[in-house]
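Residues per chain, in single letters:
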Amino acid sequence: MKLDRMIAVRNRKTVFRDGDKCIKVFGPSYTKADVLNEALNQARIEETGLNIPEILELTRIDGKWAIVSRYIEGKTLKRIMDENPDKKAELMQRFVDLHVLIHSKTCPLLSRQREKMNMQMIKCNLDATTRYDLHARLDSMSGQSRICHGDFRPSNIIIDKNDTPYILDWSHATQGNPSADAARTYLLFWLEGQISGAKRYLEMYSMKSGIEISMVEKWMPIVAAAESISGNEKEREFLLSWVREMDNVR
């Protein structure tokens, strides 16, 4: 395999293209278990019938782990949105439709969202009382077993030449409550400075999924606390600001 055509760099991972193959090379901080888990998530999601790049092999390149998938020729939905600002509403509808489609599926062998969040909140930089309140809130939320992407954003969708969407990056996938996954996407828009986009997404998601906005909002302090263990200092401070608003969201 040739690694001379780099197409993306993100989160200590570098993605290359070699003909019809996409090669995601993991940095040295990723353990074997991390990479195997991501590959297993992707393989399990393939079985649900969702459009995702087919995983071809798991290998090592220059001592680093790599996942090789089928390369999808096309543009990210984010790029299409940026190139067509007059069609943002239409493209947002398509984005939301895909999220609702994901949440209509189940995959019983995926990790459980609630367990993952509990572990993340144990590690977050909050006082013991606030962590206790967050765990209590999480325990009070309804448990579900729908597929949750965990990092659903327009840059993780490729539209191919036949106008078929493919959903990328299943490393954070769990089974759980769709409202929590929607809260995560809402916060991602905020982190990228797209406040109007966040509002548009949430209103449209509520309309298409039948889930009230207030149900998604109840998850936001929990999701923000769980996600605050990663990212840079500015992102952590932003996420923790949502936790401080917990008493205002009931």
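Residues numbered from 1 in each chain as written. Predicted model: local features only at pLDDT ≥ 70, side-chain atom pairs only at ≥ 80, totals over all residues. Heavy atoms only, no water.

### Regarding the pairing of strand S3 (residues 21-26)
Here's step 1: Most of S3 is tucked away, with 5 of its 6 residues classed as buried.
Here's step 2: Across 6 bridges, strand S2 (residues 13-18) lies against S3 in antiparallel orientation. Opposite lysine 13, over in S3, you have phenylalanine 26 as the bridge partner.
Here's step 3: Here S2 folds back onto S3 in antiparallel fashion, the turn holding 2 residues, of which glycine 19 has a positive phi close to 65°.
Here's step 4: Across 5 bridges, S3 lies against strand S5 (residues 64-70) in antiparallel orientation. (Buried < 20%, exposed > 50% of the residue type's maximum accessible area, 1.4 Å probe, protein only. Helix = DSSP H or I, 4+ residues; strand = E, 2+ residues; numbered from the N terminus. Pairing = 2+ DSSP bridges.)

### A closer look at the nonpolar core
Here's step 1: Of all hydrophobic cores here, the largest spans 53 residues; its most connected members are Phe95, Trp170, Tyr201 and Trp219.
Here's step 2: No other element matches helix H8 (residues 213-227), which puts 8 residues into this core.
Here's step 3: Not counting the four nearest positions on each side in its chain, phenylalanine 95 is found in contact with Leu77, Met81, Phe152, Arg153, Pro154, Ile157, Thr185, Phe189 and Tyr201.
Here's step 4: Counting residues in each nonpolar core, the second largest holds 7 residues, with Val35, Ala39, Ile55 and Trp65 among its members. (Core = buried A, V, L, I, M, F, W, Y, C linked by side-chain atoms within 4.5 Å. Contact = heavy atoms within 4.5 Å.)

### Considering the packing of helix H6 (residues 178-191) against helix H9 (residues 233-244)
Here's step 1: As a packed pair, H6 and H9 sit with axes 11 Å apart at the nearest point and diverge in direction by 130°. Classified by the interaxial angle, the pair formed by H6 and H9 is oblique. Relative to H9, the crossing made by H6 is right-handed. Here Tyr186, Leu187, Trp190 and Leu191 of H6 lie close against H9, whose contacting residues are Glu235, Phe238, Leu239 and Trp242.
Here's step 2: In terms of residue class, the contact of H6 with H9 is built from 7 nonpolar, no polar and 1 charged. (Axes fitted to C-alpha atoms, helices over the stretch in contact; angles between N-to-C directions. Parallel < 35°, antiparallel > 145°, perpendicular 65-115°, else oblique. Left-handed = near helix turned anticlockwise from the far one by under 90°. Nonpolar A, V, L, I, M, F, W, Y, C, P; charged D, E, K, R; others polar.)

### Some words on the packing of aromatic side chains
Here's step 1: Under the counting rule described, the total for this entry stands at 11 aromatic pairs.
Here's step 2: Measuring from ring centre to ring centre gives 5.8 Å for phenylalanine 189 and tyrosine 201, while their planes differ by 35°; the resulting arrangement is tilted. Pair noted here: phenylalanine 189 is in helix H6 and tyrosine 201 is in helix H7 (residues 195-209), with a separation of 12 residues, a long-range link. A single burial state applies to phenylalanine 189 and to tyrosine 201, both of which are buried.
Here's step 3: Centroid distance tryptophan 190 to phenylalanine 238: 5.9 Å. Interplanar angle 20°. Geometry classified as stacked. Taken together, the residues tryptophan 190 in helix H6 and phenylalanine 238 in helix H9 connect sequence positions 48 residues apart.
Here's step 4: Of the aromatic side chains, those joined through ring pairs into one cluster are Phe95, Phe152, Phe189, Tyr201 and Tyr205. (Phe/Tyr/Trp six-rings, centres within 6.5 Å; stacked < 30°, edge-to-face > 60°.)

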